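# Structure assessment
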Amino acid sequence: MKNKPKILIVDDKIANLIALEALFDNQNIDFVRALSGNEALSMTIKHEFALALLDVQMPEMDGFETAELMRLDEKAQYLPIIFVSAIYTEDYYKIKGIEAGAVDFIAKPIIPEILVGKVHVFLELYKQRKELESKNEALTHSIAEREHTEVKLKEYQEHLEELVKKRTRELEKSKDAAEAATRAKSEFIACMSHEIRTPMNAIIGFSTLLEPLLTDKVQKSYLNTVQVAGKSLLTLINDILDLSKIEAGRLKIQYEAINPQVIFEEIKQIFVPEVTKKNINFVVDIKKKLSPVLLLDEIRLRQVLFNLIGNAIKFTENGEIKFSIHQIDKEEEHQVDLIISITDTGIGIPEDQHEKIFELFEQQESINTRKYGGTGLGLAITKRLVEMMNGQISVQSTVGEGSVFKIILRDIQVPIIEKAETVAPEQTFNLKTMFFEKVHILVVDDVKFNRILIKEYLVQVNLDVIEAENGREALIVTEKSHPALILMDIRMPEMDGYEATRKLKENPSTKDIPVIALTASVAPETIKNIMTLGFDGYLSKPVSSHNILKELSRYLKYEIMVND
């Protein structure tokens, strides 16, 4: 304890007080004297005492009365009192003292050892009580601090919840804004695709029609430049659309049973003229017999291989391009990994750019873009398509020596078949060899040169063409002429192709006429609308002679003319 415990000693004789103090000399106790009951009461108001030694016989107010009055004071209510008396020693007085609130009664003459021992007991009790009070105070303070902390924590939690709600609202707004921006971008790309594909239809189509009519070499070279530029622009449009669909999550991998051997042989035949023109070797190496049928997305696989082999040819001036394929059988039954590599002896790629070339709009820094061209989209789309097919693409390359692009397609399913069917090569539909039974075909398009182009295609294969500029006019012409088939543009003024086709299919007299959609949009939702709103098929612009003849062959009678 920091402060000495205080003992109140009360006696009307000063000598007695001095004698009591002398018993406790050098025992670290503070004594407070009182010569009367009234003085003792005033002292209890001023001080906190550990014990009171109270004489019984005093003038004016005896010890019993003083003790009773002390008990009325809240501060001294539980103060231990020991009565000290020389004359009131009978049991009656001892009991009276206890009733007045005393804890003990000592008769004079005092035996010092007894008094000192009892005082020490009460001093120890006082010390323990003070320690308990201190601990209780500390505990109370701790509880108060904890309650304060809990209040603050609750306030913080409420504040945090509000912040979370606010942040959630902000994120929802940002998400809505991002989705709106994505929709706007997709709509813009779809619109631009439509607007670009419409003139591209004329550029590619009329240049195709013009090619057999030219004999002058200079004119043919000019036309060839137009065709190459048109095809390059169309490739760029398709790349941008693919990228947009991938980013929007709308491009899906469509698995079907295909014969990989046929695909790889076809790819070889497609690129042979180009490599022959550049005087470089083109080797197709199938290291191990492939499964006759695999579940793959043929369109996307072709797209990947066309891009990689096309790049290899573009960047190789001499030497060799090697296209290698082999499969690894897995422990799981009916599963294989397909390993494809394209090796060239071209210009090569610096090591620090091996990853960079797979990023959007990135090209090799040292590349001569004027010479080789390109937008930096091809490899980025290739990488994403490979990953969507559960694969991985990597490159190893040395500048000046060439590059190796390696693709691993994992866990490809092998369908269970009794006998592998040989996939026949697709029939070629050619303006020079096809001859249709003469019927009327209605071409509906608001763009005049589109109608002229399709008419030129159809006239060459013995078909008669009638025209309409919009859906409303198409309804009138169909009712009057009853054509064998209708080629219907989608976006037109006054009445679009959707509404015109719906009305044609609702009319009993025209509902059986096949209607083929002509669309410059290749968005999945557009194709879905076309196939669910009454159309019998669709053709994407720019429309090639091959595709239009192939589609017509599904509905019209024709012959293939064999040249002698």
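The sections below set out a description of the structure shown in this document. (Residues numbered from 1 in each chain as written. Predicted model: local features only at pLDDT ≥ 70, side-chain atom pairs only at ≥ 80, totals over all residues. Heavy atoms only, no water.)

### A closer look at the side chain of Asp-344
Using the following cut-off: Strands are runs of DSSP state E lasting at least two residues, helices are runs of H or I lasting at least four, and both sets are numbered from the N terminus onward. Exposure categories follow from relative accessible area, calculated using a 1.4 Å probe and restricted to protein chains: below 20% of the type maximum is buried, above 50% is exposed, and the middle band is partly exposed. Charge counting treats Lys and Arg as positive and Asp and Glu as negative, with His and both chain ends excluded. Any Lys or Arg side-chain nitrogen found within 4 Å of a carboxyl oxygen on Asp or Glu counts as a salt bridge. For this analysis, a polar contact is any N or O atom pair within 3.5 Å, provided that within protein one partner can donate a hydrogen and the other can accept it, and provided that sequence-adjacent residues contribute only side-chain to side-chain pairs. Residue contacts are counted whenever heavy atoms from the two residues lie within 4.5 Å of one another.
Within the element layout of this structure, Asp-344 appears in strand E10 (residues 335–344). Buried within the structure, Asp-344 lacks any salt-bridge partner; Lys-278 is the closest side chain of opposite charge, at an N-O distance of 10 Å. For Asp-344, the side chain forms a polar contact with the main-chain nitrogen of Gly-346, separated by 2.8 Å. Here Asp-344 is in contact with Ala-312, Thr-316, Glu-320, Ile-321, Glu-401, Gly-402 and Ser-403, once residues within four sequence places are set aside.

### Considerations on the environment of Val-84
Among the secondary structure elements, Val-84 is positioned in strand E4 (residues 81–85). The exposure class assigned to Val-84 is buried, which follows from its relative accessible area of 4%. Separated by 75 residues in sequence, Val-84 and Ile-9 have C-alpha atoms that sit 10.0 Å apart.

### Examining a nonpolar patch on the surface
Put simply, the test is: Like-charged residues within 9 Å of one another, or nonpolar side chains (Val, Leu, Ile, Met, Phe, Trp, Tyr) within 5 Å, are grouped into patches, provided each residue has over 30% relative accessible area and no salt bridge. To measure how exposed things are, a 1.4 Å probe is used in the Shrake-Rupley method; for residues, cover is taken only from the protein chains shown.
A cluster of nonpolar side chains, contributed by Leu-153, Tyr-156, Leu-160, Leu-163 and Val-164, occupies part of the molecular surface with about 450 Å² of accessible area. Assignment of secondary structure puts Leu-163 in helix H5 (residues 112–210). Residue Leu-163 is classed as partly exposed on the basis of its relative accessible area of 40%.

### Some words on the sheet that holds strand E3 (residues 51–55)
As a reminder, the rule being used: Note on pairing: DSSP must find at least two bridges between two strands before they are called paired. For helices, the fitted axis covers only the stretch in contact; all axes are lines through C-alpha atoms, and the angles between them, taken along N-to-C directions, range from 0 to 180 degrees.
A sheet is described by the order of its strands in space; here 5 strands give the open sequence E2-E1-E3-E4-E5, paired in parallel fashion. Each having just a single partner strand, strand E2 (30–34) and strand E5 (104–107) make up the two edges of the open sheet. Between one strand axis and the next, the sheet turns through 20° on average, direction left out of account. Relative to E5, E4 runs parallel, the two sharing 4 bridges. Each bridged residue has a counterpart across the sheet, and for Ser-85 the counterpart in E5 is Ala-107. Against the sheet, helix H1 (residues 14–23) makes contact with strand E1 (6–10), E2 and E3, and its axis sits at roughly 170° relative to E2, the strand it touches most.

### Here's the deal with helix H7 (residues 260–277)
This is how the line gets drawn: How far a helix is expected to stretch is found by multiplying one less than its residue total by 1.5 Å.
Given a rise of 1.5 Å per residue, 18 residues ought to cover 26 Å, and the 27 Å separating the end C-alpha atoms of H7 matches this to within 8%. Buried residues belonging to H7 abut strand E6 (256–258), strand E7 (281–286), strand E8 (294–296), helix H8 (298–314), strand E9 (320–329) and E10. A distance of 3.0 Å separates the backbone nitrogen of Gln-261 from a side-chain oxygen at the start of H7, and that oxygen is part of Asn-259. Of the residues flanking the end of H7, it is Asn-279, one or two places downstream, whose phi is positive at about 60°.

### Some remarks on the pattern of salt bridges
All chains considered together, the criterion is met by 26 salt bridges. Linking Asp-55 and Lys-108 is a salt bridge whose minimum nitrogen-to-oxygen distance equals 3.9 Å. Separated by 53 residues along the polypeptide, Asp-55 in strand E3 and Lys-108 in the loop between E5 and H5 bring together distant segments of the chain. Look at Lys-108 and you get partly exposed, because its relative accessible area is 23%. Its salt-bridge partner being Lys-152, residue Glu-155 comes within 4.0 Å of it at the nearest N-O pair. In this pair, Glu-155 and Lys-152 are both assigned in helix H5, 3 residues apart and thus about one turn of the helix distant. Take Lys-152: its relative accessible area is 44%, and that puts it in the partly exposed class. Linked by salt bridges that have partners in common, Glu-48, Arg-129, Lys-130 and Glu-133 make up one network.

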